[in-house]
Amino acid sequence: MAESTPKLDLRDIPDVRSLLPSPTIPTWVWIVAACLLIVALVFWKFRKKRSSTHSPTDLAYQEACAALQTATISSTSLIFRRYLAAVCGDSSIFETHEEFLARHDALDFIPEPFREEMNQFFDLLARSKYAPKSAPIDVIPIKNQARSLIDRIHTLATTMPPSLT
């Protein structure tokens, strides 16, 4: 009996690198990150565009016009003063109209004849607010004059460079 020796056929060790997890970030993570970045940029651009279309002067103008529709004589004065304070960047709401108009630096962008017209309007408001209550005062012409002045001031404020308003 002859013994046969087994033949030893040694093979090389197989390459296991394909079985190991990759140290790189998976592709799906990059796709999700790119989508989130695009959404964030679109949102930022939309928000920036939306906020830039409404300046504080425009917002004050819209608020004043809306408030004038239901205003009384007293509230017309306050609405007009609030609008002027927003446009001029001056907190002069509670000054008398003489004090406010005496400070010319607050209204530098308004031409002198128009300032005189505002002064007359403030006088009309003061007479109407503090007049004896025996006869009813028609508020509509006062509101119309306030709206006209606010429209003109808004036109001046939006056409002037921001450094002058």
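Residues numbered from 1 in each chain as written. Predicted model: local features only at pLDDT ≥ 70, side-chain atom pairs only at ≥ 80, totals over all residues. Heavy atoms only, no water.

Caption draft 1: How the structure looks around the overall build of the protein. From N to C terminus, the protein includes six helices and zero strands. Secondary structure elements of the protein occur, N-terminal to C-terminal, as α-α-α-α-α-α. For the protein, the proportion of contacts with a sequence separation of at least 24, taken over those separated by at least 6, is 60%. Total accessible area on the protein is roughly 12,400 Å²; 63% of this is exposed by carbon and sulfur atoms. (Helix = DSSP H or I, 4+ residues; strand = E, 2+ residues; numbered from the N terminus. Contact = heavy atoms within 4.5 Å. Areas by Shrake-Rupley, 256 points an atom, 1.4 Å probe, with all protein chains shown as cover.)

Caption draft 2: Molecular detail of helix H2 (residues 56–68). With 13 residues, H2 ought to run about 18 Å at 1.5 Å a step, and its terminal C-alpha atoms sit 18 Å apart, in line with that. Listed in full, the buried residues belonging to H2 are Thr57, Ala60, Tyr61, Ala64, Cys65 and Leu68. In an axial view of H2, the angular spread of the buried residues amounts to 130°, which keeps them on one side of the axis. Exposed and oriented more than 90 degrees from the buried face of H2 are Pro56 and Glu63. Where H2 is buried, its residues contact helix H3 (73–88) and helix H6 (139–159). (Expected span 1.5 Å × (residues − 1). Buried < 20%, exposed > 50% of the residue type's maximum accessible area, 1.4 Å probe, protein only. Arc of directions from axis to C-beta.)

Caption draft 3: Fine view of the pattern of salt bridges. One pass over the structure, following the stated rule, counts four salt bridges. Note that Arg115 is salt-bridged to Glu112, the shortest N-O span being 3.5 Å. Here the residue Arg115 and the residue Glu112 both occupy positions in helix H5 (residues 112–130), the gap between them amounting to three residues, near one helical turn. Close ionic contact of Arg147 with Asp151 constitutes a salt bridge, the shortest N to O distance being 3.0 Å. Of the two residues, Arg147 and Asp151 are both situated in helix H6; the distance of four residues between them amounts to about one turn of the helix. Relative accessible area serves as the criterion here: at 33%, Arg147 is assigned to the partly exposed category. (Salt bridge = Lys/Arg side-chain N within 4 Å of Asp/Glu carboxyl O.)

By themselves, these observations are geometric and do not establish any function.
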